[in-house]
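A closer look at the structure
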Amino acid sequence: MKKTVILLLLCLLVLTSCGARTVNAHGKIIARETDENGRLVSVVADTETNGTIRLILTENTHLDVPASFSEEGFLMDDSLYPFISTVYDARTGKNDTYENEKIRCYEADLIDMDIEKNSVPASTVTLSDGTELRVYADSDHTLYSLADGTDLLRENHPQTPENVMAVGKKNIDNLEENAKAAILSYYEERGRLYDITEELEKAYAIYQQSQNKETFPMMLIEQNVSPAAANDRLLFFQTSLLLPLTEKTYTEHNQCEVFDRQTGAYLPIEELFTCPPEELGSQLLKLGNVSEADRADMEDAFQKEYLFFTEDALCIDFPAGSLKNHPDQYILSIGKAETLGLLHDWAIPDER
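The structure displayed is predicted, hence computed values, not measured ones. (Residues numbered from 1 in each chain as written. Predicted model: local features only at pLDDT ≥ 70, side-chain atom pairs only at ≥ 80, totals over all residues. Heavy atoms only, no water.)

Concerning the confidence of the model for the protein
The test is simple: Each residue gets a pLDDT score, which is the predictor's confidence in that residue and runs from 0 to 100. A run of H or I in DSSP becomes a helix once it reaches four residues, and a run of E becomes a strand once it reaches two; helices and strands are each numbered from the N terminus. Any two residues whose heavy atoms approach within 4.5 Å are treated as being in contact.
For the protein, the mean per-residue pLDDT works out to 85, and 87% of the residues sit at or above 70. Within the protein, strand β1 (residues 2-5) has the poorest average pLDDT of any element, 42, and strand β16 (residues 266-267) the best, 97. Note that residues 1-19 has pLDDT below 50 and, in this model, 52 contacts with residues that lie over four places away or in other chains.

Right under this line is the structure:
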């Protein structure tokens with residue numbers, strides 16, 4: 001593989017366009033090109049459908065590199081011939097040359113390393129029936145595949161508040177360092193809200209029941225944390241967990257975590273309310289717009305873990321299968337004004 005030093009004038013080849021026409025391509029990098037400072041500025045790739053092309057990296061290019069690749073290794077190790085998927089805007093195209101051959105040059109929006117083609121499995125997992133899954137670990141997700149290459153399940157690595165942009169009182173970066181560290185430590189210690197072994201068993205059972213295994217859609221697990229609300233004393237986060245139910249359907253569960261802004265200490269959500277914890281479900285459901293039959297059903301199913309806050313409401317997220325009258329996931333939203341009488345004054349979200 002070649003590493004050539006090209007002048008910064010090469011960057012002038014990158015054109016800005018007024019109307020994007022997105023093109024997806026797959027191929028193999030055959031040259032990496034750097035400027036006089038050793039900074040990667042472009043790559044040349046042999047693609048399956050578009051021939052040899054040069055891809056210019058700009059400040060807007062997203063380079064998705066597996067954990068097994070380092071930036072230094074990518075630049076310096078001639079043994080790395082990564083396969084890639086790329087997205088570029090065809091309207092930035094310009095004629096160029098590579099090894100005296102005419103090629104096209106484009107501004108890259110995305111260069112995504114193919115972790116399966118570029119590496120051997122990081123490990124394997126054996127299911128209860130003896131089926132072996134290949135495990136490919138990336139910087140932001142882990143892929144579980146069958147021996148025949150079928151992608152069974154992609155697990156996006158759990159996100160923390162540090163990975164999410166927020167403004168005002170909801171921005172964790174506005175806290176003192178000790179409080180921020182305590183909150184991040186809580187999420188690190190909590191980890192997954194699911195058992196990955198159980199989810200792999202479920203995913204494989206769904207795959208076995210599929211009527212068309214050749215086009216089986218890869219399943220997804222995703223656990224994200226985002227700021228939900230705030231006031232002068234508290235910071236509210238919402239954890240959303242997405243899990244596969246069937247070949248084409250998913251269930252989502254939402255829950256709330258509340259922290260003291262000064263110390264970063266976790267507060268059990270029931271402490272925000274003026275009523276006794278054992279009465280919390282019935283008191284909240286009196287405020288909801290539900291029928292008598294639904295209210296009785298919801299009182300029986302209620303758990304404090306189902307609660308989560310938004311800026312202007314308090315929600316109860318009943319998971320699929322928890323209610324007799326609503327077999328699917330059911331979220332009951334209670335307006336902020338209706339909940340004021342049940343919340344301590346210091347617990348009411350207020351971002352002003």
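Back to the write-up after that little detour.
A few points about the sheet that holds β16
In plain terms, the rule: Between any two strands, at least two bridges found by DSSP are needed for them to pair.
Across the sheet, 8 strands lie side by side as β9-β10-β11-β12-β13-β14-β15-β16; this open sheet has mixed pairing. Edge strands, defined here as strands with exactly one partner in the open sheet, are β9 (123-126) and β16. Note: strand β10 (residues 132-137) against strand β11 (residues 141-145), 4 bridges, orientation antiparallel. For V135, the partnering residue across the bridge sits in β11 and is Y144.

Here's the deal with the sheet that holds strand β17 (residues 307-309)
What counts, and what does not: Angles run from 0 to 180 degrees between N-to-C directions of axes, and those axes are lines fitted to C-alpha atoms, restricted for helices to the stretch in contact.
The strand order across the open sheet built from 3 strands is β17-β18-β19, with neighbouring strands paired in antiparallel fashion. Among the strands making up the open sheet, the edge pair consists of β17 and β19 (330-335). Averaged over all pairs of adjacent strands, the angle between strand axes in this sheet comes to 25°, irrespective of strand direction. By the bridge criterion, 3 bridges tie β17 to strand β18 (residues 313-318) in an arrangement that is antiparallel. Across the sheet, residue F308 finds its bridge partner in β18, namely C315.

A few points about unusual backbone geometry
Short version of the rule: Exposure categories follow from relative accessible area, calculated using a 1.4 Å probe and restricted to protein chains: below 20% of the type maximum is buried, above 50% is exposed, and the middle band is partly exposed.
At E99, a residue that is not glycine, the phi angle is positive and equals roughly 50°. Secondary-structure assignment places E99 in the loop between β7 (94-98) and β8 (101-113). When its relative accessible area of 47% is taken as the criterion, E99 is described as partly exposed. The phi angle at N100 is positive, at roughly 65°, despite the residue not being glycine. With respect to the secondary-structure elements, N100 resides in the loop between β7 and β8.

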